[in-house]
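Each chain is listed here by its residues.
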Amino acid sequence: MATRGIRRKQIDVEQVPPAVTPPTRDGASNSFPSRPKLTSKTKKRDIPEGLWIKCPRCSGLIYDKELDDNLKVCPNCTHHFKLGARERIHSMVETCSFEEIDPLMESVDILKFTGSSSYESKLLSYRKKMPMLKDAVVTGVGLIGTHRVALGVMDFSFLGGSMGSVVGEKLTRLIETATDRGLPLVIVSSSGGARMYEGMFSLMQMAKTCGALAYHARRNLPYISVLTDPTTAGVMASFASVGDLILAEPCAMIGFAGRRVVEATTQSELPPDFQTAEFLKQRGLIDAIVPRLEMKQRLISYLHYLMANRVAS
Amino acid sequence: MRHYLDFEKPIAELQRKLDAFKAHPEAASLGISWEEEMKVLENKIFEAERQLYSNLTSWQRVQLARHPKRPYSLDYLRTTFQEFEELHGDRLYSDDHAMVGGFARLGTERVMVIGTQKGRDTKENIFRNFGSAHPEGYRKALRLMKLAERFRLPVITLIDTAGAYPGVGAEERHIAEAIAVNLREMMTFEVPIIACVIGEGGSGGALGIGVADRVLILENAYYSVISPEGCAAILWKDRAAAPKAAEALKITATNLKAAGLVDEIIPEPLGGAHLDLDAISLTLRESLLRNVFQLKSLTGPERLASRYAKFRAFGHFTEPKSTA
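Residues numbered from 1 in each chain as written. Chains lettered and ligands numbered in written order. Predicted model: local features only at pLDDT ≥ 70, side-chain atom pairs only at ≥ 80, totals over all residues. Heavy atoms only, no water.

**Some details on the overall build of chain A**
Then comes step 1: Within chain A, the regular secondary structure consists of 11 helices and 11 strands.
Then comes step 2: For chain A, with 313 residues in total, the buried portion stands at 50%.
Then comes step 3: Taking as baseline every contact in chain A between residues at least 6 positions apart, the subset at least 24 positions apart corresponds to 68%.
Then comes step 4: As displayed, chain A has an accessible area near 14,700 Å², and 54% of this comes from carbon and sulfur atoms. (Helix = DSSP H or I, 4+ residues; strand = E, 2+ residues; numbered from the N terminus. Buried < 20%, exposed > 50% of the residue type's maximum accessible area, 1.4 Å probe, protein only. Contact = heavy atoms within 4.5 Å. Areas by Shrake-Rupley, 256 points an atom, 1.4 Å probe, with all protein chains shown as cover.)

Structural data, given as structure tokens:
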């Protein structure tokens, strides 16, 4: 929502220097009746789709391979695009060290939910669209630097990263694995909240994951929660908020209630940075903002401290 | 005066007719009696109520759960419980009036009661923030539960909230964290915890005091991951589709019991808890006491293990056998 305002502004800027000198704005001249024609020429419409990506923040065009190589961070303005779970894991763990847990677990339509479209058909279309993902989280154990870590990474592109039974179960098993094997835990969140289609079963995943974290904490094992754009609602109100360390990517949207809900409830203008990572840091709710390109090194550094003198219990 | 909801209009109409007979100004002076007619009407009302209330739709139950006359936590604290000693504040920021708590006696047992509290009229609703707690409410609840844990008092929570408050202050003081910490900590208290949904069980705001050994629900209460209106707005792009969403989300006591998500349904008087506070209060006390006794027969670690196992088991998924 915040980016929309910026984008519109940027487009205006782009419109300012047209190829031809514009007529004076006194209304007398009719030689350029419609300005949009000029802008449509300046936009490079004939470029094949998918090769170039326009940054929503700086409007710069980025070659998509360059963007991928840069972990989906804009090389011009450091805007953080959403990053898929597998790409992120690849960027965080040592090569070939990641062993995935429960790769085949899939959601079922337990409520036989039918809305505008059924949950069953939604699941099918997402699985078809994203053959690399079975649901909105990938979990496993891998090496980050020299530390063997239980790592869970959510993927927003699968049904808005929503938490249903599979996300809850996979994360709970991951946390239990970490507890049993004495491993530190890192969970990277990216989610719109609980998955409506599974009703109360989704809500209960909040209690389930937090319960497992209680036992992980009891063994004096560290848990680092990484918040990425966006992390809200049911995920924010459960495992994402109870890390020993809570890190966030720059400008990530993080909150409990949606911005529109807050606006509607309070009937008031919200600060422009409301519910951004910077807003949370300023109010003392998170430990640090960590750019994606530094994330791995910072995690290694934190783990050095957390694990150096740890007394197992 | 009884307050009738839209779907109760047929009963209201019959009742009005009956009242007209009863209050006929000339009945006594003329020596006329409408015994027969009144009896027929009474039977009709009884039959109509039985018909209506045994076939309520999910949406009708949501309306009953939000009924303006429905008993709230403080009502039960006067009737089901005795000697309520309210304790205030989270020792950090303020006292949240949408979340009440304190010592109370439940029959022979001394317990800690925590509940969300709505207001009866506009003034009281502003004071109670319409039953939607801020982070302070959840932190007060946690403080009281910790106190109960140290001094071995069973904890009983009464849930009746549309949800935690979605406001700027709530976000600034980290409502998400307040709820999340409660979810984690409630899994670690060895004292018996019983949660009862008495009206609205609104999502995370309800679950924030809802991690318990036993989860009970009143017959016409509901418990949902999202409000029917919210779900309708997202999936149907139309808040008016709330009745459909209420059906699809499976949020009624019967649905939840069938799915194993709640342990027990507490029956309400015909037509809803608000029609007979004494009766529902007694039923609630009996059920709470029975559950407290059952839980007290276990040891602390046993309760912890079974509470963990209970929540651990929630969820449905498929897992093809790995070929590896």
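**Points about helix 4 (residues 85–92) of chain A**
Then comes step 1: For helix 4 of chain A, every residue scored as buried is listed here: A85, R88, I89 and M92 of chain A. Axial view of helix 4 of chain A: buried residues confined to an arc of 100°, hence all on one face. (Arc of directions from axis to C-beta.)

**A word on the confidence of the model for chain A**
Then comes step 1: Scored by pLDDT, chain A comes out at a mean of 87, with 84% of its residues at no less than 70.
Then comes step 2: Considering only residues more than four positions removed or in separate chains, one finds that residues 1–42 of chain A, a stretch of pLDDT under 50, has 20 contacts. (pLDDT = per-residue confidence, 0-100.)

**Notes on the pattern of salt bridges**
Then comes step 1: This model, assessed by the stated rule, comprises 41 salt bridges over all chains.
Then comes step 2: Taking the shortest distance from any N to any O, the salt bridge between R173 of chain A and D102 of chain A comes out at 2.9 Å. In this pair, R173 of chain A is assigned in helix 6 (residues 165–181) and D102 of chain A in the loop between strand 3 (99–101) and strand 4 (106–107), connecting sequence segments 71 residues apart.
Then comes step 3: D102 of chain A gets classed as buried once you look at its relative accessible area, which sits at 14%.
Then comes step 4: Linked through salt bridges whose partners overlap, the residues forming this network are D102, E169, R173, E176 and K208 of chain A together with R312 and E319 of chain B. (Salt bridge = Lys/Arg side-chain N within 4 Å of Asp/Glu carboxyl O.)

**Overview of empty space enclosed by the protein**
All names here are of chain A.
Then comes step 1: Considering all chains together, one arrives at 3 cavities of 30 Å³ or more under this definition.
Then comes step 2: The calculated volume of the largest cavity comes to roughly 60 Å³.
Then comes step 3: Lining the largest cavity, in full, are F81, K82, L83, R88, M154, D155, F156, S190, T228, D229, E249 and R292. (1 Å grid on protein atoms, 1.4 Å probe; cavity = no way out; pocket = protein on both sides within 12 Å on 5 of 7 lines; lining within 4 Å. Points joined across faces, edges and corners; volume = space filled by probe spheres on them.)

**Section: the interface of chain A and chain B**
Then comes step 1: Between chain A and chain B, the contact holds 56 residues from the first and 49 residues from the second.
Then comes step 2: Interface area, chain A with chain B, both sides summed: about 4,800 Å², of which 71% is carbon and sulfur.
Then comes step 3: Looking only at chain A, the three residues that lose the most surface to chain B are M196, M200 and F256 of chain A, adding up to 14% of its buried area.
Then comes step 4: Note that E176 of chain A is salt-bridged to R312 of chain B, the shortest N-O span being 2.8 Å.
Then comes step 5: Summed over the shared surface of chain A and chain B, the number is 14 residue pairs in polar contact (both at pLDDT 80 or more).
Then comes step 6: Put simply, the parts of the chain that give the side of chain A that touches chain B at least two residues each are helix 6, helix 7 (199–218) and helix 9 (259–266) of chain A.
Then comes step 7: Sort the elements by how many residues they give to the side of chain A that touches chain B and helix 7 of chain A lands first, with 17 residues.
Then comes step 8: Of the residues that constitute the side of chain A that touches chain B, the class distribution is 32 nonpolar, 15 polar and 9 charged.
Then comes step 9: Looking at chain direction, strand 4 of chain A and strand 9 (residues 317–318) of chain B are connected through 2 bridges and run antiparallel. Its bridge partner lying in strand 9 of chain B, E106 of chain A is registered against T318 of chain B. (Buried area = accessible area lost by both parts, 1.4 Å probe. Polar contact = N/O pair within 3.5 Å; in protein donor to acceptor, adjacent residues only side chain to side chain. Nonpolar A, V, L, I, M, F, W, Y, C, P; charged D, E, K, R; others polar. Pairing = 2+ DSSP bridges.)

**Digging into the packing of helix 7 of chain A against helix 9 (residues 175–186) of chain B**
Then comes step 1: Between helix 7 of chain A and helix 9 of chain B, the shortest axis-to-axis distance is 7 Å and the interhelical angle comes to 65°. The element helix 7 of chain A and its partner helix 9 of chain B pack so that their crossing is right-handed. Counted together, M206, A207, C210, L213 and A214 of chain A of helix 7 of chain A and A180, L183 and R184 of chain B of helix 9 of chain B form the full contact between these two elements.
Then comes step 2: Across the contact of helix 7 of chain A with helix 9 of chain B, the residue classes break down as 7 nonpolar, no polar and 1 charged. (Axes fitted to C-alpha atoms, helices over the stretch in contact; angles between N-to-C directions. Left-handed = near helix turned anticlockwise from the far one by under 90°.)

**Points about the confidence of the model for chain B**
Then comes step 1: Across chain B, the average pLDDT comes to 94, with 98% of residues at or above 70.
Then comes step 2: Interface scoring of the predicted complex returns ipTM 0.94; its pTM is 0.89.

**What about the pairing of strand 6 (residues 147–154) of chain A?**
Residue and element names in this part refer to chain A.
Then comes step 1: Burial of strand 6 is extensive: 7 of the 8 residues sit out of reach of the surface.
Then comes step 2: With 8 bridges connecting them, strand 5 (residues 137–144) and strand 6 associate as antiparallel partners. Counterpart to I144 in the pairing with strand 6 is H147.
Then comes step 3: Hairpin geometry of strand 5 and strand 6 is characterised by an intervening segment of 2 residues between the two adjacent antiparallel strands and by a positive phi of about 65° at G145.
Then comes step 4: Where strand 6 meets strand 7 (residues 185–191), 4 bridges bridge the pair, whose relative direction is parallel. Counterpart to V153 in the pairing with strand 7 is V188.

**A short note on a negative patch on the surface**
All names here are of chain B.
Then comes step 1: Residues E35, E36, E37 and E42 make up a contiguous surface patch of negative charge.
Then comes step 2: Assignment of secondary structure puts E35 in helix 3 (residues 35–53).
Then comes step 3: We classify E35 as exposed; its relative accessible area is 58%. (Patch = residues over 30% accessible without salt bridge, like charges linked within 9 Å, V, L, I, M, F, W, Y side chains within 5 Å. Lys, Arg positive; Asp, Glu negative; His and termini not counted. Charge placed at Lys NZ, Arg CZ, Asp CG, Glu CD.)

**Describing the nonpolar core**
Within soluble globular proteins, side chains that are nonpolar tend to cluster in buried spots.
Then comes step 1: By size, the foremost hydrophobic cluster in this structure holds 165 residues, and its most contacted members are F113 and F239 of chain A together with F81, L218 and Y223 of chain B.
Then comes step 2: By residue number, the principal contributor to this core is helix 7 of chain A, which donates 9 residues.
Then comes step 3: In this structure F81 of chain B touches Y76, A104, R105, L106, V111, V113, I156, L158 and L288 of chain B, once residues within four positions along its chain are discounted.
Then comes step 4: Grouped together as the second largest cluster of nonpolar side chains are 8 residues, Y4, F7, I11 and L56 of chain B included. (Core = buried A, V, L, I, M, F, W, Y, C linked by side-chain atoms within 4.5 Å.)

**A closer look at unusual backbone geometry**
Then comes step 1: Along the chain, D229 of chain A connects to P230 of chain A via a cis peptide bond; the corresponding omega equals -15°.
Then comes step 2: Within the fold, P230 of chain A resides in strand 8 (residues 223–232).
Then comes step 3: With phi around 65°, S59 of chain A is a residue other than glycine that occupies positive phi space.
Then comes step 4: Tracing the backbone through its elements, the reader meets S59 of chain A in the loop between strand 1 (52–54) and strand 2 (61–63).
Then comes step 5: With a relative accessible area of 16%, S59 of chain A lands in the buried category.
Then comes step 6: Unusually for a residue other than glycine, R91 of chain B sits at a positive phi of about 65°.
Then comes step 7: You can see R91 of chain B is positioned in the loop between strand 1 (82–86) and strand 2 (99–106).
Then comes step 8: Owing to a relative accessible area of 69%, R91 of chain B belongs among the exposed residues under this scheme.

**A look at the domain arrangement of chain B**
Residue and element names in this part refer to chain B.
Then comes step 1: In terms of domains, chain B is made up of domain 1 (6–55) and domain 2 (62–312).
Then comes step 2: The C-alpha centroid of domain 2 is placed 37 Å from the C-alpha centroid of domain 1.
Then comes step 3: Three residues stand out in domain 1 for area buried against domain 2, namely F7, E8 and Y53, and they jointly supply 73% of the buried area on that side.
Then comes step 4: There are 0 salt bridges connecting domain 1 and domain 2.
Then comes step 5: Of the residues contributing to the side of domain 1 that touches domain 2, the split by class is 2 nonpolar, no polar and 3 charged. (Domains from an automatic or database assignment.)

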